[in-house]
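# Coordinates in review
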Amino acid sequence: MIRVEDVSKTFTLHTQGGARIAVMRGASLSVEPGECVALVGRSGAGKSTLMRMVQGNYRTDGGRILVGGLDVARAAPREILALRRETLGWVSQFLRVIPRVPTLDVVAEPLRNVGVAPDEARARAAALLSRLNLPEALWALSPTTFSGGEQQRVNIARGFVNPTPALLLDEPTASLDPVNRRVVLDLIHEAKARGAAILGIFHDAEARAEVCDREVDVTGFAR
Ligand SMILES: Nc1ncnc2c1ncn2[C@@H]1O[C@H](COP(=O)(O)OP(=O)(O)OP(=O)(O)O)[C@@H](O)[C@H]1O
């Protein structure tokens, strides 16, 4: 479902005299449906960079990244947007939302984007927010003023509400209490059981050991 083949990446810092940072070369991995693969390796090895390339957020300098048959490295912007809408979910560490949009709509939006009717989308969003113990009093508010853990749960709900065949998870259990951490691990197990291919960064070693089938050490791709 997710296949990274011989990918290389060098950053050029145009604002700093064109300095070049060679991050990786020959990066290759695959994630099959129903599998969860963890990216590991020392800080600065390129885990986030690789995730962003799979998401189509960073350009690759060489190689191929196939997600559900689309070569993300060569895809047009509108193909990347369609991929994110229909195929590739994403839970990031940081919430980026339009101010003043209520939390319930923030979470329902990925379903609305694939044509689910408003009432059903909001009902499914509400069910997930309840499961993640986000107080109902907060659902009508914008999440911009929420605590770190509350924002993280909004992110998780938004990432899991649409059952996409592939999913990227960036530290999904960071800043969560034990009860909500358990809910997130259960959501990951359920996503795997329905056949989702998951690629993630988990600094929480116990969580990684529980939900991941394999680890890929990005340090091995360093140049
Ligand atoms: N947007 C960018 N512009 C320039 N250099 C970048 C950019 N993003 C990452 N880098 C560089 O690429 C290298 C890999 O960074 P990355 O964030 O992918 O590492 P990581 O393995 O996720 O680290 P950590 O575990 O500390 O989060 C670092 O040397 C970093 O400075």
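First, a word on what this report is: a plain description of the structure on this page. (Residues numbered from 1 in each chain as written. Predicted model: local features only at pLDDT ≥ 70, side-chain atom pairs only at ≥ 80, totals over all residues.)

## Section: helix α6 (residues 178–193)
The end-to-end C-alpha separation of α6 is 23 Å, in line with the 22 Å expected for 16 residues at 1.5 Å each. Tucked into the core, α6 has its buried residues touching β3 (36–40), α5 (148–160), β7 (166–170), β8 (197–201) and α7 (205–211). (Helix = DSSP H or I, 4+ residues; strand = E, 2+ residues; numbered from the N terminus. Expected span 1.5 Å × (residues − 1). Contact = placed C-beta atoms within 7 Å.)

## So, the sheet that holds β8
Ordered in space as β6-β7-β8-β3-β9, the 5 strands form an open sheet in which the pairing is parallel. Strands at the two margins of the open sheet, each flanked by one partner only, are β6 (88–91) and β9 (214–217). Each strand of the sheet is rotated relative to its neighbour by a mean of 20°, with strand direction disregarded. Judged from the 3 bridges that link them, β3 and β8 form a sheet pairing that is parallel. (Pairing = 2+ DSSP bridges. Axes fitted to C-alpha atoms, helices over the stretch in contact; angles between N-to-C directions.)

## Description of the site of the ligand
Around the ligand, the surrounding shell consists of F11, L13, I21, V23, G41, S43, G44, A45, G46, K47, S48 and T49. If one sorts the elements of the shell around the ligand by residue count, helix α1 (residues 47–54) sits on top with 3 residues. (Near = placed C-beta within 6 Å.)

## Notes on the environment of T60
With respect to the secondary-structure elements, T60 resides in the loop between α1 and β4 (62–67). Here T60 falls in the buried class, since 23 other C-beta atoms lie within 10 Å of it. C-alpha separation for the pair T60 and S28, spaced 32 residues apart in sequence, amounts to 13 Å. Sequence-distant contacts of T60, defined by excluding residues within four places in its chain, comprise V7, K9, M53, I65 and A73. (Buried ≥ 20, exposed ≤ 12 C-beta atoms within 10 Å, placed from the backbone.)

## Let's talk about the sheet that holds strand β1 (residues 2–13)
Strand order across the open sheet formed by 4 strands is β2-β1-β4-β5, with antiparallel pairing between neighbours. For this open sheet the edge positions go to β2 (19–31) and β5 (70–71), each flanked by a neighbour on one side alone. Sheet analysis places β4 next to β5, joined by 2 bridges and oriented antiparallel. Within β5, the residue paired with L66 across the bridge is D71. The strands touched by α1 within the sheet are β1, β2 and β4, with β1 carrying the most contacts at an inclination of about 115°.

The analysis is restricted to geometry; functional conclusions fall outside its scope.
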